[in-house]
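Architecture and fold: a report
These are the residues of each chain, in order.
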Amino acid sequence: MRTTESATSTARRAPASRILAAWHQTGRADLESHLATHGPAPVPRRGDGAWGDRLVQGVDAAGLTGRGGAGFPTARKLQSFRSGHRHGLLAVNAMEGEPASQKDRALLSGAPHLVLDGAELVATAIGAREIAVCVADDRADNAEAVRGALAERAPAGLGRIPMHLIRPPGRYVTGEESALVAWLAGGPAHPQFRTDKAMPLTIKRRPVLVQSAETLAHVALIARYGPEWFRSVGLPDAPGTCLVTVSGPGTSPAVCEVELGTPVDLILERAGISVPLGAVVVGGYGGTWLRPGLLDTPYAPKPLAAVGSAVGAGVIAAIGASSCGIAETARVATYMANESAGQCGPCVFGLHAVAQDLVQLARGECDSQTLNRLTHRLGAVDGRGACAHPDGVVRFVRSALEVFARDAADHARRRPCTEWNRRPILPVSPSASVAVGHWH
Amino acid sequence: MTAVTSSQWLWYTTRGTGIVALVLLSASVVLGVLTSVRLGTRMWPRFTIQDLHRRVSLLAMVFVGLHVVTTVSDAFAPIGWLSVVVPFTSPYRRLWLGLGTVAVDLLLAVTISSLLRQRINPRTWRALHWLAYASWPLAVVHGLGTGTDPHLGWAMVVVVGCVAAVLGALAWRLASGWPAHAGTRLVVGTTSVVAVMALAAWTATGPLRPGWAARAGTPAALLGSSKTNGAAPPAAVPSAPSSAASPPTTLPAPPYRAALSGTVSERSLSGGSARLEIKAETSGSLVAEVDIVIIGTPAASGGLALQQSQASFGPPGAPTQYQGHIVGLDGSRMVLSLADQAGSPLDLRVDVTQSGTQVGGELTSITGTRGEGSLGAHD
Amino acid sequence: MPIVSSHVRLRVNPVACDAFGYCAELLPEIVTRDEWGYPVMAEGPVPPRLSEVARRVVRECPRRALFLEKVPAPRP
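A short tour of the structure in this document, coming up.

Cut-offs and rules
Residues numbered from 1 in each chain as written. Chains lettered and ligands numbered in written order. Predicted model: local features only at pLDDT ≥ 70, side-chain atom pairs only at ≥ 80, totals over all residues. Pairing = 2+ DSSP bridges. Helix = DSSP H or I, 4+ residues; strand = E, 2+ residues; numbered from the N terminus. Axes fitted to C-alpha atoms, helices over the stretch in contact; angles between N-to-C directions. Contact = placed C-beta atoms within 7 Å. Nonpolar A, V, L, I, M, F, W, Y, C, P; charged D, E, K, R; others polar. Parallel < 35°, antiparallel > 145°, perpendicular 65-115°, else oblique. Left-handed = near helix turned anticlockwise from the far one by under 90°. Expected span 1.5 Å × (residues − 1). Buried ≥ 20, exposed ≤ 12 C-beta atoms within 10 Å, placed from the backbone.

What to know about the sheet that holds strand 4 (residues 163–166) of chain A
Residues and elements named next belong to chain A. Read from one edge to the other, the open sheet built from five strands follows the order 4-3-2-6-5, with strand pairing classed as mixed. Strands with a single pairing partner mark the edges of an open sheet, and in this sheet they are strand 4 and strand 5 (201–203). On average, adjacent strands in this sheet sit at an angle of 30 degrees to one another, irrespective of strand direction. When strand 3 (residues 130–134) meets strand 4, the two strands line up parallel, connected through four bridges. Across the sheet, Ala132 pairs through a bridge with His164, a residue of strand 4. Those strands touched by helix 9 (residues 213–225) are strand 2 (89–93) and strand 6 (206–212), and its axis lies near 85 degrees from that of strand 6.

Shown next as C-alpha cells:
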C-alpha cells in the first residue's frame, strides 16, 4: 500500500498533508509521533458545558460531510444526537467492506490516533458513554493496529470514555449503519428496514451514532486547526480533503489524500497510473463507471453528479483499454449478488438473475432478449430492498451498459469476450465464498 | 328425563364431539399446510385457503369445547374441571386423558395467540403456532386411548382417514422444500413415518385388544358397565392385575351373611349433584369385595336423593363378578340387584353405618322372588 | 380504525415479506407481483374507494409485512 501527499498545501501551521502527516514526516504512526506532529487533542475542561456546541459549530462551519459514502453533513448528524441528551454509544466504522478500498487500512496503520482522537471528541460532544471501534473479523492487520494504538493511550492518560475494539463479521453489507447496529445489539449483521432514516438507530432505546473512521479523523484535525483551515483546500461547496484508494491495471492499490475538486485523471496520474485506460470505477461497486472521455471531471459531489456519478466510498479503480468492461461488471455483479444479506426477495433473486444475465452476455451465450430482460430486471430490483445494496448494483450495471454499450451490443450478437478468461482487474474479495452462515 | 338417560346422552355427545373435533383439527392442519405451500387456484385463491383454515380451526375449537364440557358434566366418569387444564390429574384413564389435556392446553395457546395476532410480536406468534403440530398427534393418541369406540369399524376408518390426510399434507410440505435444509427434511419425514407405524402397532396391541379399558386405567367401579365398552366383549372378565399370591376368583355358594367394613367418599359434581362411593370388604368365611356408587342430589333432609347407581360384588380375584345397581334405598339400608356375566341373578341387602369416612355394617344375600325386600320405588 | 389523513400509501417491509401473495389477490389495482412472486406497489396514494380493502389487506398478511404510510397531500 502506497500513500501520496496532496499537491497543494496552504494550511497555516498545519502540516502539508493532513491525515497522513505524521506518517509522512516521521515514518511512524505511534502516539509519540502523532503528538509531535499534531499536539494533544483539544478535549474540554471539566465543567465546560458549551464545548459540545462549539465543536459541532466548528464542524458545521468547516462543511465536513460524511466520508463513509453517504456524504451527509456531519454537523447535522451530530446535532440530532446531541438534542437527546441521552447516554449512547459511538460506533467507529472501520469495516472497509468495499473490496477495492484500502483507506481504513491506511487510516488505522498510518494515523490511528487521529481516528481515536476524533472518536473521543465526538463521543464527548454527544454524551456517549462508550466507544466501539469496529474492525471486520477478517482484517487481522487492522485489528492489530487498533490494539496497538489503544494500548498506547491508556498509560498516557488519554481517553475518559472507554474504547473497545470489536470484530463484526466481514461482509460487503455488514458495514452498513443499521447492519452494524443490529450486530451490536446481538443479532446477525443484517441491514434493517427503516421507514424513517432520520430517526437515530438504537439498541434497546440506547441511541447509537455510527461514524466512519475517516470522518472522525477529519473532526480531530478540525478541532485542532479550525474550520477555516479545513476549508482552505477543496471547493467552497465541497471543502477539505478525502482519502481515495486508486488502482489500475498492473499496479497495486494506493491510498491518496486528495483535495476535493481535483480532476480524476490527475488523481490517477499522481498515483502512477498512466497506461491507456479503459473506463474507471468511481465510488465502489455500488457506484458508477466513468467513460474515458469524462476522466477530467473534478472529483467532488456536484461535478460527479452532473455526469451521473458520485464520490461514494472513495474508490477510483481503472481498467485497461483492452479489458472488457462487461466481463468485469459481470464478475462484480456475481460477487454483489452473493453478498446479499438474503432478507429481501427482490434482492436475493433479482441480483442473481441480473448477474446471470451479465455472465451470459459476457460469454456471448445470450439470446436476442437478454439485454431487454436485463434492463427490465434492473428496473424491477431498484429500490425494492430494505437497504441500498440492490440500488447500488443497479446503478453500477446501468452505468456499465451505457459506458460499454458497444461491447454489450457486440456480445448480444453472440461475440464472446476474449477477456472473459483473463485475470480480472477489479478485486473481488475471497470472503464471497465464505459459508452462508457467517453473519454473526 | 331420568338421570340415566341424560347421562347416556352426555356420554354419546362426548364421544361424538370428540370424533368431530379430531376430524376438524385434522382438516385445520391440512389447510394450514396448504397455506404454507402457497396453494392457490383461480377458484380458490390463496387468501381463501387461509381464511378457510382460520374458520375451520375456530370450529374445531368449538367442538373441543363441547367435548370438554360434556365430559366434565357427565357424572359417569370422575373427570373434574381441574383435569381439563392440568394434565394427568384425572382418575379416569390418567395417561390417555392427560394427553388430551395437554393437547387442549396447546390449542388454547395457539387459539388465543391467533386471536390476538395483530397485537403480539410476529415471532412470538409463529413460535406458538408451531405448537399446533404438537397438539394434533396428542389428540389422536388421546382419542385412541380414552375412546370407547376404537374397535367400531367406522370410528377406526375416520381416525385412519385423519392420519392419512395429515401425513399426506406433511409429505406435500416436505416435497415443496420446507424446511430448507435437506437433512432436516429427511429427519422429519422419517420420524413421521416411524411414528405412524408405532401408532399403528400400539393401536393394534392396545386399544383394539379386549380388556383395554381396564389396562388404560378405567376405575374399577365403572368397568363392565354397558358404558365402558361400546359393545360388551364376549364373555371376557375384566382382567384384574395379577398379584403374586393369586386371589380367589370364585365365591362360595349363597346364602351369604357377613360383616362389612370399608370406606366411604363423597364428591360434588357439576350441576349440583354428588357422588358417593362405598368400598367395603367382607370378613369371616366369605371373602369378597363390594363397591357401591350412588349419584344423586343432596336432599333437604340430609342424604342423597338417588338418581343413578352402580354396584359390584365379587371375590378379590374378580371383584366385578356380579354387577348391577340399587333397587331399594331406605336410610342406611340398601338392596342391590346384581347379575353375573351369564345372567345369574344375585340380590343382596346391605346395612351400613357411617362414622366419618369409615363404614361398617352387614351384607346378606336375599333369596326368593325378585322384588321381595325392596323397600319402595325409587325414581 | 379511521385514518384521519386522506392520503395513504400501501408499503411493504421487504424483510418481513415472504411472497404469500394475498395482497396481490385482494388488491390487484395496487399490487402486482414481479417474476419472483414479490409485491410491486403502484405509485401514488391509495384511492379512497379502495381504502377499506387496503386495510383488510394489511390485516391479512401472514407476515404482517404491509403497512399504510401517511403521505403529504399532493400539491395541486
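Examining the interface of chain A and chain C
Every contact between the two is made by eleven residues of chain A and, on the other side, nine residues of chain C. It is helix 14 (residues 345–363) of chain A that contributes the most residues to the side of chain A that touches chain C, three residues altogether. Among the residues forming the side of chain A that touches chain C, the class breakdown is six nonpolar, four polar and one charged.

Considerations on the interface of chain B and chain C
It is common to give the size of an interface as the accessible area that goes away when the parts come together. Taken together, the contact between chain B and chain C spans seven residues of the former and ten residues of the latter. With three residues, helix 2 (residues 46–73) of chain B is the largest single contributor of residues to the side of chain B that touches chain C.

Concerning the packing of helix 6 (residues 131–146) of chain B against helix 7 (residues 153–175) of chain B
All names here are of chain B. At their nearest, the axes of helix 6 and helix 7 sit 11 Å apart, and the two run at 165 degrees to each other. On the basis of the axis angle, helix 6 is roughly antiparallel to helix 7. Regarding helix 6 and helix 7, the two cross each other, and that crossing is left-handed. For the pair helix 6 and helix 7, the contacting residues are Trp136, Val140, Gly143 and Leu144 in the first and Val159, Val163 and Val166 in the second.

Things to note about the packing of helix 13 (residues 325–338) of chain A against helix 14 of chain A
All names here are of chain A. Running from amino to carboxyl end, helix 13 crosses helix 14 at an angle of 155 degrees, the nearest separation of the two axes being 8 Å. Taken together, helix 13 and helix 14 sit at an angle that is classed as roughly antiparallel. Here helix 13 runs over helix 14; the crossing is left-handed. Two secondary-structure elements touch here, helix 13 through Ile326, Ala327, Thr329, Ala330, Ala333, Thr334, Met336 and Ala337 and helix 14 through Leu351, His352, Val354, Ala355, Leu358, Val359, Leu361 and Ala362. Here the contact of helix 13 with helix 14 is built from residues that sort into 13 nonpolar, three polar and no charged.

Notes on helix 13 of chain A
Residues and elements named next belong to chain A. Taking 1.5 Å as the rise per residue, helix 13 with 14 residues should run 20 Å; its terminal C-alpha atoms sit 20 Å apart, in good agreement. Counting buried positions along helix 13 gives twelve out of 14 residues, so the element sits mostly inside the fold. Buried within helix 13 are the following residues: Gly325, Ile326, Ala327, Glu328, Thr329, Ala330, Arg331, Val332, Ala333, Tyr335, Met336 and Ala337. Buried residues along helix 13 sit against strand 11 (277–282), strand 12 (288–290), strand 13 (315–320), helix 14, helix 16 (389–403) and helix 17 (405–412).

Some words on the pairing of strand 6 (residues 333–339) of chain B
Residue and element names in this part refer to chain B. Buried residues dominate strand 6, accounting for five of its seven residues. Sheet topology note: the strand 5 (residues 322–330)/strand 6 ladder contains seven bridges and is antiparallel. Across the sheet, the residue bridging to Gly328 is Val335, located in strand 6. What sits between the antiparallel neighbours strand 5 and strand 6 is a turn of two residues, in which Gly331 has the positive phi angle 60 degrees. Remark: five residues form the turn of the hairpin made by strand 6 and strand 7 (residues 345–355), two consecutive strands paired antiparallel; Gly343 in that turn has positive phi of roughly 100 degrees.

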